[in-house]
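Results of the structural survey
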Amino acid sequence: MPKFQVFLSYSSSKLTRLCHILSVNPFWTRILYFAFLSLLGFWGLNVLEPRTDSFKPRKFDLFFTSVSATTVSSMSTVEMEILSNPQLIIMTILMFIGGEGFTSMAGLFLSNFISEKNNVIDDGEIELGNPKPENLNPEQLAQNKGETFNNGEHLLYHSIMFLGFVILGYLLIVNILGSAMVFLYISFVSSARSTLKSKGLNLFTFSIFTTISSFTNCGFIPTNENMVVFNKNSGLLLVIIAVALLGNPLFPMCLRFSIWVMGKCVNKVGDYCDYLLKNTREIGFPHLFTTRRSCCVVGTALVFVVVQAVLFFAMEWNSASLKELNPFERTIGVLFQSVNTSQAGETIVNLPAMSTVILVVITIIM
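Scoring rules and cut-offs
- Residues numbered from 1 in each chain as written.
- Predicted model: local features only at pLDDT ≥ 70, side-chain atom pairs only at ≥ 80, totals over all residues.
- Heavy atoms only, no water.
- Helix = DSSP H or I, 4+ residues; strand = E, 2+ residues; numbered from the N terminus.
- Expected span 1.5 Å × (residues − 1).
- Buried < 20%, exposed > 50% of the residue type's maximum accessible area, 1.4 Å probe, protein only.
- Polar contact = N/O pair within 3.5 Å; in protein donor to acceptor, adjacent residues only side chain to side chain.
- Patch = residues over 30% accessible without salt bridge, like charges linked within 9 Å, V, L, I, M, F, W, Y side chains within 5 Å.
- Areas by Shrake-Rupley, 256 points an atom, 1.4 Å probe, with all protein chains shown as cover.
- Salt bridge = Lys/Arg side-chain N within 4 Å of Asp/Glu carboxyl O.
- UniProt positions renumbered as here; feature names shortened; annotations may be inferred.
- Phe/Tyr/Trp six-rings, centres within 6.5 Å; stacked < 30°, edge-to-face > 60°.
- Lys NZ or Arg CZ within 6 Å of the ring centre and 35° of its normal.
- Arc of directions from axis to C-beta.
- Core = buried A, V, L, I, M, F, W, Y, C linked by side-chain atoms within 4.5 Å.
- Contact = heavy atoms within 4.5 Å.

Digging into helix H15 (residues 327-341)
If you check H15, its first and last C-alpha atoms are 21 Å apart, about what 15 residues at 1.5 Å a residue would give, namely 21 Å. Counting buried positions along H15 yields eleven of 15 residues, so the element is predominantly enclosed. Among the residues making up H15, those that are buried are Glu329, Arg330, Ile332, Gly333, Val334, Phe336, Gln337, Ser338, Val339, Asn340 and Thr341. Two or three places before phenylalanine 328, at the opening of H15, asparagine 326 has a side-chain oxygen 3.1 Å from that residue's backbone nitrogen.

Okay, here's the thing in structure tokens:
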């Protein structure tokens, strides 16, 4: 028993030190997280064979692509159509777990776990020679319990845990529905289906890859031309617009709305929902805003989209990039381009061929 107690004491001290390091240095925690994912993604991309046997990307190019997917920056030194289906799946996973939504959710769970461990270790740790809990009378136990974990801390802890699960549900629902809509659209529209078939891309993988890339604000598309080859598929562009908005400027508003709906529909979590909606600053989650601030974010994004759309309509309506499209397709294309400038960065036009004024506006808004 003494050896076991020494082991527990040693483990508690190590856990205390780890929790202290993670709580004091969140920057290094994120650095280690992204470095680990990048190396793991590089290993997966390097082990798996590309689509073509005649050309294999250099290891450094694969590492760069892995880092780009993990950090959702969508920069690549290899052509996307060279990558095989398993490699695209690896990149899809990297984009999802490296996206802001997932990392912020993971950080929320981690900070809550560290806070709980610090409370337990600081307030409930039993050192050698101290009286055991069973030797304390009920009054002392009740007093200690009230001192170490009051109702406010209990509500805060469980509210944050509930918020984490709401975010996880939101991420899964939006990405699953978005992938399903992309899959169904391409399945029923022959032009989109033939484009995908001519490039040898798997429909299921393309749907998930494109949805997650748009939602996480990455902008990777499994085609070499990005979305240019789908510029006439207005339905597909509308789905991607919705996914990109739900994953970025509409996320705070949708998160508040989801919490409000859960509070109204599920009585068991009503207290947690009320606490989350009324104490956004105490929660400390970077994407849980007040209603006013959420509306400001949506309004700002809307202004940016409108400004770009007006300039596109005025200066690029008859440009070479849009001349093959009918008026409806041009309108959706302009809307798609305007939304993606400040979001995922996907494009349906040849950017170098656009006017200097439009390029300057795009640069400023990015």
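After presenting the structure, the write-up continues.
Looking at a nonpolar patch on the surface
The grouping of Phe36, Leu40, Trp43 and Val47 at the surface amounts to a nonpolar patch, some 460 Å² of accessible area in total. Relative to the helices and strands, leucine 40 resides in helix H2 (residues 26-47).

Digging into the UniProt feature "transmembrane region" (unreviewed entry) in the protein
The positions that UniProt labels "transmembrane region" (unreviewed entry) are, in the present scheme, residues 31-48, 88-110, 160-188, 200-222, 234-255, 295-315 and 347-365. In the segment residues 200-222, helix accounts for 57% and strand for 0%; the C-alpha atoms at its two ends are 10 Å apart. Helix makes up 53% of residues 347-365 and strand 0%, with an end-to-end C-alpha separation of 15 Å.

Looking at the pattern of salt bridges
Summed over all chains, the structure comprises three salt bridges. Close ionic contact of lysine 199 with glutamate 81 constitutes a salt bridge, the shortest N to O distance being 2.7 Å. Here glutamate 81 lies in the loop between helix H3 (59-70) and helix H4 (85-98) and lysine 199 lies in the loop between helix H8 (190-198) and helix H9 (203-215), a separation of 118 residues in the sequence. On the basis of relative accessible area, lysine 199 is assigned to the buried category, the value being 15%.

Quick notes on the packing of aromatic side chains
The full count for this structure, using the stated rule, is nine aromatic pairs. Between tyrosine 170 and phenylalanine 215 the ring centres are 6.3 Å apart and the planes differ by 45°, which places this aromatic pair in the tilted class. With tyrosine 170 in helix H7 (residues 151-188) and phenylalanine 215 in helix H9, the pair connects residues that are 45 residues apart, well separated along the chain. The burial state of tyrosine 170 is the same as that of phenylalanine 215; both residues are buried. Ring plane angle 45° and centroid distance 5.5 Å describe the contact between phenylalanine 206 and phenylalanine 230, whose orientation is recorded as tilted. Here phenylalanine 230 lies in the loop between H9 and helix H10 (234-247) and phenylalanine 206 lies in helix H9, a separation of 24 residues in the sequence. For phenylalanine 206, a relative accessible area of 1% gives the class buried. By the ring-pair criterion, three or more aromatic residues cluster together here, those being Tyr170, Phe215 and Phe251. Above the face of the phenylalanine 289 ring, arginine 293 is positioned so that its terminal group lies 4.2 Å from the ring centre.

Looking at H2
The terminal C-alpha atoms of H2, which comprises 22 residues, lie 32 Å apart, in line with the 32 Å expected from a rise of 1.5 Å per residue. Burial in H2 covers these residues: Leu37, Ser38, Gly41, Gly44 and Leu45. Projected onto a plane normal to the axis of H2, the buried residues spread over an arc of 130° and lie on a single side. Along H2, exposed side chains directed more than 90 degrees from the buried face belong to Trp28, Leu32, Phe36, Leu39 and Trp43.

Points about the nonpolar core
Residues Leu163, Ile167, Met227, Leu255, Ile259 and Phe285 are the most contacted members of the largest nonpolar core, which totals 72 residues. Counting residues per element, this core draws most heavily on H7, which supplies eleven residues. Sequence-distant contacts of methionine 227, that is, excluding residues within four places in its chain, are made with Ile221, Leu236, Leu237, Ile240, Phe336, Glu346, Thr347 and Ile348.

Structural notes on the environment of tyrosine 33
Take tyrosine 33: it is sitting in helix H2. Given a relative accessible area of 26%, tyrosine 33 falls into the partly exposed group. Along the backbone, tyrosine 33 and glycine 98 are 65 residues apart, and their C-alpha atoms lie at a distance of 9.0 Å. Beyond its immediate chain neighbours, meaning those up to four positions away, tyrosine 33 contacts Ile97, Phe102 and Thr103.

Some details on the side chain of serine 207
For serine 207, the location among the structural elements is in helix H9. Residue classification places serine 207 among the buried positions, given a relative accessible area of 1%. Separated by 2.8 Å, the side chain of serine 207 and the backbone oxygen of leucine 203 make a polar contact. In this view, serine 207 contacts Ser179, Val182 and Phe183; residues no more than four positions away in its chain are not counted.

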